[in-house]
Amino acid sequence: PISAPGIESKSNNTILNLPKASQKVKKKYLIKEVSSDFKYYVEKIIKTCDRKEIKCIFLTQPNIFYNELDERYDGLLKSNYLENNEMVKLTKLYNNYLLSIKRKNIYIFDLESKIEKNLLYFRDDYHFTKFGVKTISNELSEFLKKNIIN
């Protein structure tokens, strides 16, 4: 069954399958700040890393959403319950929260800025193709070599 805008063949080529999207009822963007739960668990992870004296790495969340995303994708994107530009705001809010963290032994890798928003990298909203995973692996490896591995 096809559950994403792009499916991969064994040769790792992305095959587009864009059936006509059914109209979804989309909600208005109401979230204005990062949830207290998210903040709590990020802080809990940081404190655990501090207590154990280990380096902590957070990654921003890449996604396929951008303001000019073609409407044909709407029916295929699993979490697209908001307008595309509203999803952009939501993911940017959470990613920016992570990017704002400045503490000793806490590293933030802005993975979202490293991955292009297209079907070469994404199978759906947030999940990657094989090529996307390979790209992420290479980017993360470079980040770790530069910032973590001494």
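Just above, that's the structure.
Read on for a plain summary of the structure. (Residues numbered from 1 in each chain as written. Predicted model: local features only at pLDDT ≥ 70, side-chain atom pairs only at ≥ 80, totals over all residues. Heavy atoms only, no water.)

Digging into the packing of aromatic side chains
Using the following cut-off: Two rings from Phe, Tyr or Trp (for Trp, the six-membered ring) form a pair when their centres are within 6.5 Å of each other. A pair whose planes differ by under 30 degrees is stacked, one over 60 is edge-to-face, and the rest are tilted. Helix and strand assignments come from DSSP, with helices taken as H or I runs of at least 4 residues and strands as E runs of at least 2, each series counted from the N terminus. Partly exposed residues are those whose accessible area sits between 20% and 50% of the maximum for their type, while under 20% is buried and over 50% is exposed, using a 1.4 Å probe and protein chains only.
For the structure shown, the criterion picks out six aromatic pairs. Here the aromatic rings of Phe38 and Tyr97 are separated by 6.0 Å at their centres, their planes lie at 70°, and the arrangement is edge-to-face. In this pair, Phe38 sits in helix H1 (residues 36-52) while Tyr97 sits in helix H2 (residues 84-99), placing the two residues 59 residues apart along the sequence. By relative accessible area, which is 27% here, Phe38 ends up partly exposed. Among the residues examined, Tyr97 registers a relative accessible area of 22% and is labelled partly exposed. Three or more aromatic residues joined by ring pairs make a cluster, and in this case those are Phe38, Tyr94 and Tyr97.

Brief notes about the layout of surface pockets
Which entries qualify depends on this criterion: Grid points spaced at 1 Å over the protein atoms alone were grouped into cavities, where a 1.4 Å probe fits but cannot get out, and pockets, open sets with protein on both sides within 12 Å along at least five of seven lines, with lining residues defined by an atom within 4 Å of a point. Grid points are joined across faces, edges and corners, and a volume is the space filled by probe spheres set on the points. Gly is placed with the polar residues, together with every amino acid not listed as nonpolar (Ala, Val, Leu, Ile, Met, Phe, Trp, Tyr, Cys and Pro) or charged (Asp, Glu, Lys and Arg).
Space inside the second largest pocket adds up to approximately 160 Å³. Taken together, the residues of the lining of the second largest pocket sort by class into four nonpolar, four polar and four charged.

A word on the environment of Lys117
Under the convention used in this document: Side-chain atoms alone can form a polar contact between residues adjacent in sequence; in general such a contact is a pair of N or O atoms within 3.5 Å, and within protein one must be able to donate a hydrogen while the other accepts it.
Tracing the chain through its elements places Lys117 in the loop between strand S4 (106-109) and helix H3 (130-147). A polar contact of 2.9 Å, which involves the side chain of Lys117, links it to the backbone oxygen of Asn63. Polar contacts involving the side chain of Lys117 include one to the side chain of Glu112, which spans 2.7 Å.

Quick look at the pairing of strand S3 (residues 56-59)
Put simply, the test is: Strand pairing requires that DSSP identify at least two bridges connecting the strands.
Taking every second residue as pointing to the same face, the buried face of S3 carries Cys56 and Phe58, while none of Ile57 and Leu59 on the other face is buried. Alignment of S3 against S4, held across four bridges, turns out to be parallel. Note that in S4 the partner of Leu59 across the bridge is Phe109.

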